[in-house]
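Residue strings, one per chain:
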Amino acid sequence: MPEDFKTILIRELNLLFTLKKTERLWHIPVLASLCTGLPLLIGYYTGHIDFGVLSCLGGLVILYMPSTNLENRMLTLMLCSFGFIISFAVGISFSFNPYLSAGILGLFAFGLNWVTSYFKMHPPGSFFFIMIASMASCMPFDLVSVPTKIGLIAAGTILACVLAFFYSLYITKKLHKQVLKPSIRKQDYANLTESAIIGIFITLSLLVGHYFNFDNPYWIPVSCCAIMQGVSVTHVWQRSIHRITGTLIGIGFTWILIQFNFSLLEICIIILILQFIIEMLVVRHYGLAAIFFTPLSIFLAELGRGVVVFNSNGLVQARALDIVIGSLIGILGGMVLHNRYIQQKTIRQIRLTRVGLLRK
């Protein structure tokens, strides 16, 4: 018997205030903080904080480290590091034209999602690859500086790999090695269909940001991608509610932080602390993590542009609008993505097209 609306509402409200249990070690948040915080501190002390921000993005590759043996950990991180570099290179190479870059980003998201789905990559999956490509596609195009920027992303991934190597030498001796269970791949046609839908909505979200001249349009496809990672329509709605609610609270928290007029060094330390808190919370409650992700993303975005004195009202309003619009597009995309009729009809059409091509 189908559930009534009241039952569903009560269940969703309970989930909104429930912390999930996790077996994740506290070492991972510490390691993630070091991989993102150290590049910022190096950038600060060398007088190139914008360089530190780019290397900080590369350091996020540490979040893809699996809980397996040393060889598998390092191989996975090196492959993901290469993926980060390619993602940034693809995004920045086409940033000279906003509409072309939106189309290229969609095609890249399509291919990337198909690959990560085919090999059943565990969370965060394709998210950070798409995020980096999206941010790069909105950077001012300067052909001379492109190699330097790509090199800074690579430097951040190298630092993360080095720290992961020494950490893994220690942890694999202390703990039993976790063997990942073999997972069943989806049908190739289903992967193609889902990837195509994601690519279309990522393109649409970035086009919306460019068309309406948003200051940081890349946050719209990033929010859209985060919402569409839900594994079902219900999960999509849960993530959207958590993200929007957490972001709105986080915007208030950001506004309070800005009022203290922290120095540049203090902001770098705050970012390091925020990264630790986010990684502690994200596996327990997505909405709570979004509260702290908001000031982190705003500080990084502004430091990357060379801004050290923040306009609190303008920043928080723009960030709220970006998140809400991106989340709404993500909800629509998630509903299309998990619509069985659309999936079955698209898969059937792909099969018919393939049969027709083979007959020719």
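Residues numbered from 1 in each chain as written. Predicted model: local features only at pLDDT ≥ 70, side-chain atom pairs only at ≥ 80, totals over all residues. Heavy atoms only, no water.

The next thing to look at is the packing of aromatic side chains. By the definition in use, this model includes 13 aromatic pairs. Relative to Phe129, the ring of Phe84 lies with its centre 5.1 Å away and its plane at 85 degrees, an arrangement referred to as edge-to-face. Of this pair, Phe84 sits in helix α4 (residues 70–93) while Phe129 is found in helix α6 (residues 127–137), placing the two residues 45 residues apart along the sequence. By the burial criterion, Phe84 is buried, and Phe129 matches it. Summarising the aromatic geometry, the rings of Phe127 and Phe128 are spaced 5.0 Å apart at their centres and angled 75 degrees between planes, so their arrangement reads as edge-to-face. Members of the aromatic cluster, each reached through a chain of ring pairs, are Tyr64, Phe84, Phe127, Phe128 and Phe129. (Phe/Tyr/Trp six-rings, centres within 6.5 Å; stacked < 30°, edge-to-face > 60°. Helix = DSSP H or I, 4+ residues; strand = E, 2+ residues; numbered from the N terminus. Buried < 20%, exposed > 50% of the residue type's maximum accessible area, 1.4 Å probe, protein only.)

What follows is about a nonpolar patch on the surface. Together, Ile158, Val162, Phe165, Phe166 and Leu169 line one region of the surface with nonpolar side chains, adding up to about 440 Å² of accessible area. On the secondary structure map, Ile158 appears in helix α7 (residues 146–174). A relative accessible area of 53% means that Ile158 is categorised as exposed. (Patch = residues over 30% accessible without salt bridge, like charges linked within 9 Å, V, L, I, M, F, W, Y side chains within 5 Å. Areas by Shrake-Rupley, 256 points an atom, 1.4 Å probe, with all protein chains shown as cover. Salt bridge = Lys/Arg side-chain N within 4 Å of Asp/Glu carboxyl O.)

Let us now look at unusual backbone geometry. Of note in this structure, Asn213 is not a glycine but carries a positive phi near 55 degrees. Mapped onto the secondary structure, Asn213 falls in the loop between α8 (188–211) and α9 (219–228). Judged by relative accessible area, which is 67%, Asn213 ranks as exposed. Its identity as a non-glycine residue notwithstanding, Asn261 has a phi of 50 degrees, on the positive side. As for its position among the elements, Asn261 is in the loop between α10 (233–259) and α11 (264–281).

We now examine empty space enclosed by the protein. Throughout the structure, instances matching the rule amount to 1 cavity of 30 Å³ or more. Estimated volume of the largest cavity: approximately 40 Å³. Taken together, Val90, Gly91, Phe94, Ser101, Ile104, Leu105, Phe108, Ala133 and Ser137 make up the full set of residues lining the largest cavity. Of all elements in the fold, only α4, α5 (98–118) and α6 reach the threshold of two or more residues within the lining of the largest cavity. For the lining of the largest cavity, the element with the most residues is α5, which contributes 4 residues. Considered class by class, the residues forming the lining of the largest cavity number 6 nonpolar, 3 polar and no charged. (1 Å grid on protein atoms, 1.4 Å probe; cavity = no way out; pocket = protein on both sides within 12 Å on 5 of 7 lines; lining within 4 Å. Points joined across faces, edges and corners; volume = space filled by probe spheres on them. Nonpolar A, V, L, I, M, F, W, Y, C, P; charged D, E, K, R; others polar.)

A large share of α9 lies buried, amounting to 10 of its 10 residues. Buried within α9 are the following residues: Trp219, Ile220, Pro221, Val222, Ser223, Cys224, Cys225, Ala226, Ile227 and Met228.

Looking at the secondary structure, you find Ser327 in helix α13 (residues 312–337). Residue Ser327 is classed as buried on the basis of its relative accessible area of 0%. For Ser327, the side chain forms a polar contact with the main-chain oxygen of Ile323, separated by 2.8 Å. Each residue touching Ser327, except ones within four places of it in the same chain, is listed here: Ser223, Ile227, Arg243 and Ile244. (Polar contact = N/O pair within 3.5 Å; in protein donor to acceptor, adjacent residues only side chain to side chain. Contact = heavy atoms within 4.5 Å.)

In this section: the packing of α5 against α6. Two elements in contact, α5 and α6, have axes separated by 10 Å at closest approach and are oriented at 170 degrees. In this view, α5 runs roughly antiparallel relative to α6, as classed from their interaxial angle. At the point where α5 passes α6, the crossing takes the right-handed sense. Residues Ser101, Leu105, Phe108, Ala109 and Leu112 of α5 lie in contact with α6, whose contacting residues are Phe129, Ile130, Ala133, Ser134 and Ser137. Residue composition of the contact of α5 with α6, grouped by class: 7 nonpolar, 3 polar and no charged. (Axes fitted to C-alpha atoms, helices over the stretch in contact; angles between N-to-C directions. Parallel < 35°, antiparallel > 145°, perpendicular 65-115°, else oblique. Left-handed = near helix turned anticlockwise from the far one by under 90°.)

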